Amino acid sequence: MAGLDIVASTPAPESVDIDFHGVLYTITISVDGEEVLRIEIEDKDTLDRWRGEFAAKYVEDITSKTGNFKKFTIFVRMLQTAILQQSDSVFVDLLTFQDLELLKSKKAGGTNGQSAPPRQLPASNKRYLILTYASEFDRVHYPLPLLPEEHPDPQRLKAVIRQLRQQLGEAQAAQQHQQQLQPQRRSRSSHNQADEHDAALLTSRIEVLTVQLERERTDHRRELRRKAQELQELQGELSRSRDVIRDLRLRIKTLEQQQEAAGPRGTAAGQQPVRRSIDRQSRGGYGSGYLSGSGRYPSNASKYPSRPTRTTSNISASSRGSSP
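Throughout what follows, the structure given in this document is the object of discussion. (Residues numbered from 1 in each chain as written. Predicted model: local features only at pLDDT ≥ 70, side-chain atom pairs only at ≥ 80, totals over all residues. Heavy atoms only, no water.)

Right, let's get into the overall build of the protein. A count of helices and strands for the protein gives 7 helices and 7 strands. Going from the N terminus to the C terminus, the protein shows its helices and strands as α-β-β-β-β-α-α-β-α-β-β-α-α-α. Residues classed as buried in the protein amount to 26% of the 324 residues present. Here the protein displays about 22,800 Å² of accessible surface, and carbon together with sulfur accounts for 52% of that area. (Helix = DSSP H or I, 4+ residues; strand = E, 2+ residues; numbered from the N terminus. Buried < 20%, exposed > 50% of the residue type's maximum accessible area, 1.4 Å probe, protein only. Areas by Shrake-Rupley, 256 points an atom, 1.4 Å probe, with all protein chains shown as cover.)

Below, the structure is given as C-alpha cells:
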C-alpha cells in the first residue's frame, strides 16, 4: 500500500532508551503489513512491560477527536521523529492513569474558571504514551493507552535469560582477565616505584646543581662589575697621565723658545727662573711619574722625567759658555 511505503521510507528504530520522569524506559515501535502500530515499553530497572496495538482507523479517529486530523502514515512518522528526538515540534511523554486524569481535571478547571472537585481515582497500572504536536499557535496531545503485560511472553523471558547469562559470562571473563593481569600490574608498580625514586633523586640533584650554578653566576657578575670599575679607574689615570705629559711637553717647548729668544745674555739671567719653574713643576707632580689621585707609578714613568733634567743641564752649559 502507498501508506506503508511512506512508513518504510523512515524505518522505526528497533529500540530506543528514553528517560521519563527520572525512570529509564526502552520503547519499541513497529508497523506490520495490516497497518497496525505496535508499541512496547519496558522499565529498565523492574522489567515491567506495557504494550499496545493500534489499527490505522483507531489512530485516525484519535487524531480526529483532537480536532487536528492526521493520516496514519503521518502519525507514525511523527511518532518516530518524537522518539528519536529529531524535532522540537513533536515529543512524547509517559503518564500513568492517575497522571492523565489529574491533567484532565486541571484542564477542565482552567476552562471553567474554577478548579475541578477532587474525586477518587481507581487504581490502574495502565500507561499512556502521549504524543504532543506543538505548532505556532496551538498544542495537540494524542494519547495512546498501553496495557500492562500480566503474563510475559515465555520467548521474551528466555531471550532475557540468555542476555543475562551472556552478560554474566562477559563479566566473569573480564574478572579472570583482571586477575591474570594482577602480577603484571604488581611488577609494573614496583618498576614504577623504582623509577619514581630515581626521578626524585635526579630532581633533587638538579635542584642542587641549579642553586650552585646560580651562586656561581652571581659571583661571576660581581667579579665582572669589580673588573669594570678597575678598568674605568685605570682609563681615568691613563687619561690624566697623558694630560700631564702633554702639559710638560708644552712647558718645555715654551721654555726652550723663551731661552732661544733671550739669546746669550738672557741665558744667565733666565737660568734661575727656569730652574725654579721646573723645580716647582717637579714638586707639583709634573714629570715625577706619579699619577695624581691614583697612588701608583705608571710603567713608563721613567721615560719622561729625563727631559726637564736634560734641559736644565743644557741651560747651565750654555750659561757657562757665554759668561765673560
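On to the sheet that holds strand S1 (residues 16–20), then. Sheet architecture is open: 7 strands sit in the order S1-S2-S3-S4-S7-S6-S5, paired in antiparallel fashion. Lying at the two open borders of the sheet, with one neighbouring strand each, are S1 and strand S5 (90–96). Taking the axes of each pair of neighbouring strands and ignoring which way they run, one obtains an average angle of 30° across the sheet. For strand S2 (residues 23–31) and strand S3 (residues 36–43), the ladder comprises 7 bridges, and the chain directions are antiparallel. The residue of S3 that forms the bridge with Thr28 is Glu40. Docked against the sheet, helix H2 (residues 56–65) engages strand S4 (49–55) and strand S7 (139–148), running at close to 90° with respect to S4. (Pairing = 2+ DSSP bridges. Axes fitted to C-alpha atoms, helices over the stretch in contact; angles between N-to-C directions. Contact = heavy atoms within 4.5 Å.)

Now for the pattern of salt bridges. In this structure the tally under the stated criterion is 14 salt bridges. Salt-bridge contacts for Lys227 lead to Glu223; the nearest nitrogen and oxygen are separated by 4.0 Å. Of the two residues, Lys227 and Glu223 both sit in helix H5 (residues 154–262), 4 residues apart, roughly one turn of that helix. Lys227 gets classed as partly exposed once you look at its relative accessible area, which sits at 43%. By relative accessible area, Glu223 is classed as partly exposed at 32%. Through salt bridges that share partners, Glu40, Glu42, Arg49, Arg51 and Glu149 make up one connected network. (Salt bridge = Lys/Arg side-chain N within 4 Å of Asp/Glu carboxyl O.)

Below, the discussion takes up the nonpolar core. One broad rule of soluble globular proteins: the nonpolar side chains tend to lie buried together. Leu37, Ile39, Leu79 and Leu129 are the most contacted members of the largest nonpolar core, which has 30 residues in total. With 7 residues, helix H3 (residues 72–83) is the largest single contributor of residues to this core. Residues in contact with Leu37, not counting those within four places in the same chain, are Ile29, Ser30, Val31, Gly52, Glu53, Phe54, Phe72, Phe75, Val76 and Leu79. If you look at the next biggest cluster of nonpolar residues, it comprises 5 residues, including Phe97, Leu100, Tyr128 and Ile130. (Core = buried A, V, L, I, M, F, W, Y, C linked by side-chain atoms within 4.5 Å.)

Quick look at the packing of aromatic side chains now. On inspection of all chains with the given rule, the structure shows 5 aromatic pairs. Taking 6.5 Å as the distance between ring centres and 35° as the angle between the ring planes, the aromatic pair formed by Phe97 and Tyr128 counts as tilted. Highlighted residues: Phe97 in helix H4 (residues 97–112) and Tyr128 in strand S6 (residues 127–134), separated in sequence by 31 residues. Across the pair, Tyr128 and Phe97 agree in class, each one buried. In textbook terms, an aromatic cluster arises when at least three aromatic residues are bridged by ring pairs, as seen for Phe20, Tyr25 and Trp50. (Phe/Tyr/Trp six-rings, centres within 6.5 Å; stacked < 30°, edge-to-face > 60°.)

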